[in-house]
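Structural characterization, general
Here's the letter readout for the chains.
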Amino acid sequence: MASITLKNIVKTYDNKVTVIPDLNLEIRDREFIILVGPSGCGKSTTLRMIAGLEEVTAGELYIGEKKVNNVAPKDRDIAMVFQNYALYPHMTVYKNMAFGLMLRKTPRAEIDRKVHEAAKILGIEEYLNRKPRALSGGQRQRVALGRAMVRNPSVFLLDEPLSNLDAKLRTQMRTEITRLHQHLETTFVYVTHDQTEAMTMADRIVVMKDGVIQQVDTPQVLYHKPRNLFVAGFIGSPQMNFIDASVSFESGDIFLSFGPCRIRVPAALAAHAPLKQYEEKQIILGLRPEDLHTEDSFLSLAADAKFNAHVELAEMMGSEIYLYLEAGGQKLIARTPSRTQIQSGSDIQIAVDVNKIYLFDKETEQAIGNE
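Let me begin by describing the structure that accompanies this report. Throughout this document, residue positions are counted from 1 along each chain, in the order its sequence is written. Only residues with pLDDT of 70 or above have their local features reported here, since the model is predicted, and side-chain atom pairs are shown and tallied only from 80 upward, although totals for entire chains, interfaces and linings are computed over all residues. Note: side-chain values were computed over all heavy atoms of the structure, leaving out hydrogens and water.

1. Re the pattern of salt bridges
The cut-off we apply is this: Should a side-chain nitrogen of Lys or Arg be within 4 Å of a carboxyl oxygen of Asp or Glu, the pair is scored as a salt bridge. Numbering of helices and strands runs from the N terminus, with a helix taken as a DSSP run of H or I at least four residues long and a strand as a DSSP run of E at least two residues long.
Under the definition given, this model contains 20 salt bridges. Between aspartate 244 and lysine 362 there is a salt bridge, with the nearest N and O atoms lying 3.6 Å from each other. Remark: lysine 362 occurs in the segment after β20 (357–360) and aspartate 244 occurs in strand β11 (residues 241–250); sequence separation between them is 118 residues. The salt bridge partner of glutamate 312 is lysine 331, with a shortest N-O separation of 2.6 Å. A residue pair is termed long-range when its members are at least 10 positions apart, and glutamate 312 in strand β16 (residues 306–316) and lysine 331 in strand β18 (residues 330–337) qualify at 19 residues. Salt bridges here are not isolated pairs; linked through shared partners, they connect Lys11, Arg48 and Glu54.

2. Comments concerning the packing of helix α2 (residues 93–103) against helix α3 (residues 108–122)
We count it as follows: Helix axes use the C-alpha atoms of the stretch in contact, all axes being lines fitted to C-alpha atoms, and the angles between their N-to-C directions lie in the range 0 to 180 degrees. Oblique is the label for every angle not falling under 35 degrees (roughly parallel), over 145 degrees (roughly antiparallel), or within 65 to 115 degrees (roughly perpendicular). Working rule for handedness: look at the near helix, and if it is turned counterclockwise from the far one by less than a right angle, call the crossing left-handed; if clockwise, right-handed. We call two residues in contact when some of their heavy atoms are within 4.5 Å.
Direction vectors running N to C along α2 and α3 enclose 135°, while the axes themselves pass 10 Å from each other. Between α2 and α3, the crossing angle belongs to the class labelled oblique. For the pair α2 and α3, the sense of crossing is right-handed. Contact residues: α2 offers Tyr94, Met97, Ala98, Leu101 and Met102, while α3 offers Ile111, Asp112, Lys114, Val115, His116, Ala118 and Ala119.

3. Examining the pairing of strand β19 (residues 347–352)
Heads up, the condition is: Strand pairing requires that DSSP identify at least two bridges connecting the strands.
Pairing of strand β15 (residues 292–293) with β19 involves two bridges; the strand directions are antiparallel. Residue pairing across strands places leucine 292 opposite valine 352, the latter belonging to β19. Across five bridges, β16 lies against β19 in antiparallel orientation. If you follow histidine 310 over to β19, its bridge partner there is aspartate 347.

4. A few points about the packing of helix α4 (residues 137–149) against helix α5 (residues 167–184)
Cut-off, in case you're wondering: Throughout, the ten residues Ala, Val, Leu, Ile, Met, Phe, Trp, Tyr, Cys and Pro are labelled nonpolar, Asp, Glu, Lys and Arg are labelled charged, and all others, Gly among them, are labelled polar.
Here α4 crosses α5 at 15°, and the two axes come no closer than 11 Å. Between α4 and α5, the crossing angle belongs to the class labelled roughly parallel. For the pair α4 and α5, the sense of crossing is right-handed. Touching Gly138, Gln141, Arg142, Leu145 and Met149 of α4 are Leu169, Gln172, Met173, Glu176, Ile177, Leu180 and Leu184, all from α5. Classifying every residue of the contact of α4 with α5 gives seven nonpolar, three polar and two charged.

The structure is reproduced here in structure tokens:
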């Protein structure tokens, strides 16, 4: 097993474009860590540098105690699972899984044992004599995982392995990969642009933007205590509402206003958020869709945290409704239970759970008082 350390890693291509300016990351032994971010943020490049498929321009890369900057991929004790499976179409499932061991001149009996063990864990024993074209997408992905497993690597690297699967299969394979990690007790480094995958699978998530790490933490901390505007907007579905709000002080209370709407900042947040410096200035107020409520039980308790809104669209999602709102000149999304029966075109009141509001500096985009 192995930890992975990236120290001051820089990646610059021949055209002088720097995609990773200075990356520092410590991945613990046996950890399941996921790199997320929009296309072009550098997550796949980071993974490929760990694999040895991309050269490190500057900095130091360690797998365990060994510096591997100049070590060939085959000597790094890693296995990589690709987005497109990369299976040999002319070989059976058995031979695809055994191929790497054959190249290493592993004894035939050991190859057979390892292939059957992996196939049993992944539930593909009955497909060992088939060729990839006779398999479904999910079955091919299991074969790709099995091919990596038989090598018993210290590190698994997975580059968007579920992106070619349909929604139902993705959900199923998320569970299977999580179970596989628990069974193998090996370090997993996983790249995806899908924050649902990251939130449901990872021990820790690395959120990246423009080659820079924005925050590294558990899914729970990223969701409840985002460090900046980018992380707050990237984690959560539908994404957090962002509102330009002005700060005012009245009789010891702090209010956030947008249009005719006003919300009183709760005492707990006001106590440690340095809002005095923002008096009569604008900040960004963050409200998650699930923290906007329409039920009478919330409205009756929200004397200083409710406002009028117009429902532009009510989108039925089964167990809940997404309400696309206009309030105080701002566009908002609320996520409410389907029993509310709110229709498009309605004028309603919205109550805010003030214990779950987020504040951000408009210039720096850093969180205010999010401790």
